[in-house]
Amino acid sequence: MYIFVLKRLGLAVAVALTVSAISFSLLYMAGDPAIAIAGENADSDTIAMITQQYGFDRPMIVQYWDWLSKAASGDLGQSWYFNLPVTELIADRLHVTMTLGFLAISFALLLAIPMGVAAAVKPNSLVDRAALFISVVGQAIPSFWFGLILIVIFSIRLGLVPASGSDHWQNFILPTVVLGYYATPAIMRLTRAGMLEVLSSDYIRTARAKGLSTRKVLFKHALRNAVIPVISLAAVQMGFMLGGSVVVESIFALHGAGFLAWESISRNDLPTMQALILIFSMFYISFTFLADILNAWMDPRLRVGG
């Protein structure tokens, strides 16, 4: 078990360093960063002064190490557009994205697990086909299109919920549905597959032979074991949702880290883009690492190995 954890930790660190290098390279993929700061109409003297001031004339590996060292200590640089520390900008917005992510994964679990259980109890039935249809639709519909449809129906025509903003809890209803529904298909299918496997096992047949009610067999014995991999998948989906919130927050004008990412892209604010890519990637890597450790802890073969 310990060897497995160390291997996964080493892999996570390697991926994190790779992502940090890619994030840093964005500074030069967009062209000369000094020109981006000074403006296209700036003269050569101004560009040279900015190049020296920001250290763009140093070797790239030196710049990368300096940026990585500061990022590790919490200094993510200065926003070119907002003229504020990037750490401060993200700290003011991140709680909105985290709230949306937790609400969305909760919505996905509450929708997907009952659907998966119902589909497994009656395989190849109308209920099963309906659940599979809903899951296919969830993967086929683009998030931005689904969000616009919900805005037209529930905000413009019915006037039930606000279409944009983040000042009230009602502002999170439609974004939660859009972001959570996208994660529902994978969780539903995994729950269904797990329940089908567990329901065909010997101990479930024994429980039924003892006269236990269907409800106890399903929820006390079968679901408790079938939901274990679902928890791991939910952790991975949570990391994916935080990164995928850029589109959803932009549609609903939720002023979170995702909306900040859209603002930084549209305004060529490279330091903020770098920091957000790094932070979203770290969330995904962390949740994936936790999911791997949870699966390993639940695997008896790895637990025996210490």
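Whatever comes next refers back to the structure up there.
Residues numbered from 1 in each chain as written. Predicted model: local features only at pLDDT ≥ 70, side-chain atom pairs only at ≥ 80, totals over all residues. Heavy atoms only, no water.

1. Thoughts on the layout of surface pockets
- Empty space within the largest pocket amounts to approximately 480 Å³.
- The wall of the largest pocket is formed by 19 residues, among which Y54, F56, W67, G77 and Q78 lie closest to the centre.
- Secondary structure elements with two or more residues in the lining of the largest pocket: helix 1 (2-29), helix 4 (60-72) and helix 13 (270-298).
- Here the element with the most residues in the lining of the largest pocket is helix 4; it accounts for four residues.
- Residues of the lining of the largest pocket, tallied by class, amount to nine nonpolar, six polar and four charged. (1 Å grid on protein atoms, 1.4 Å probe; cavity = no way out; pocket = protein on both sides within 12 Å on 5 of 7 lines; lining within 4 Å. Points joined across faces, edges and corners; volume = space filled by probe spheres on them. Helix = DSSP H or I, 4+ residues; strand = E, 2+ residues; numbered from the N terminus. Nonpolar A, V, L, I, M, F, W, Y, C, P; charged D, E, K, R; others polar.)

2. Brief notes about the nonpolar core
- Judged by nonpolar contacts, the single largest core of 65 residues is most densely connected at L76, I90, I187, M195, M241, F252 and L276.
- Of the residues forming this core, the biggest block, 16 residues, is contributed by helix 5 (residues 86-121).
- Apart from the residues lying within four places of it in its own chain, the contact partners of L76 are A71, V86, T87, I90, P271, A275 and I279. (Core = buried A, V, L, I, M, F, W, Y, C linked by side-chain atoms within 4.5 Å. Buried < 20%, exposed > 50% of the residue type's maximum accessible area, 1.4 Å probe, protein only. Contact = heavy atoms within 4.5 Å.)

3. Considering a nonpolar patch on the surface
- Together, F144, W145, L148, I149, V152, I153, F154, I156, L158, L160 and V247 make up an exposed nonpolar region whose accessible area comes to about 1,000 Å².
- For the nonpolar patch, the element with the most residues is helix 7 (residues 143-157), which contributes eight residues. (Patch = residues over 30% accessible without salt bridge, like charges linked within 9 Å, V, L, I, M, F, W, Y side chains within 5 Å. Areas by Shrake-Rupley, 256 points an atom, 1.4 Å probe, with all protein chains shown as cover. Salt bridge = Lys/Arg side-chain N within 4 Å of Asp/Glu carboxyl O.)

4. Considerations on empty space enclosed by the protein
- For the structure shown, the criterion picks out one cavity of 30 Å³ or more.
- Taken as a whole, the largest cavity spans an internal volume of roughly 40 Å³.
- G138, I141, P142, S143, F146, V178, Y181 and Y182 together form the lining of the largest cavity.
- At the level of secondary structure, the elements contributing two or more residues to the lining of the largest cavity comprise helix 7 and helix 8 (173-199).
- The element best represented in the lining of the largest cavity is helix 8, accounting for three residues.
- Residues of the lining of the largest cavity, tallied by class, amount to six nonpolar, two polar and no charged.

5. Section: the side chain of R192
- By the element assignment, R192 lies in helix 8.
- Assessed through its relative accessible area of 17%, R192 is described here as buried.
- Excluding anything up to four places from it in sequence, R192 contacts G116, A119, A120, P123, D128 and L132.

6. Digging into helix 6 (residues 126-140)
- Taking 1.5 Å per residue as the helical rise, helix 6 with its 15 residues ought to reach 21 Å, and the 21 Å between its terminal C-alpha atoms agrees with that figure.
- Every buried residue belonging to helix 6 is among D128, A131, S135 and G138, and all of these are buried. All buried residues of helix 6 fall inside an arc of 90 degrees around its axis, so they share one side. Those residues of helix 6 that are exposed and angled more than 90 degrees off the buried face are L126, R129, F133, V136 and A140. (Expected span 1.5 Å × (residues − 1). Arc of directions from axis to C-beta.)

7. Things to note about the packing of aromatic side chains
- Evaluated as defined, the whole model comprises four aromatic pairs.
- Pairing Y64 with W67 gives two aromatic rings, centres 6.4 Å apart and planes at 35 degrees, and the pair type is tilted. Linking Y64 with W67, this pair stays in helix 4, spanning three residues, or about one helical turn. The burial state of Y64 is the same as that of W67; both residues are buried.
- Measuring from centroid to centroid gives 5.0 Å for Y81 and F82, while their planes differ by 85 degrees, and the two rings are edge-to-face.
- Given a relative accessible area of 46%, Y81 falls into the partly exposed group. (Phe/Tyr/Trp six-rings, centres within 6.5 Å; stacked < 30°, edge-to-face > 60°.)

So far we have only geometry, and geometry alone does not tell us how the molecule works.
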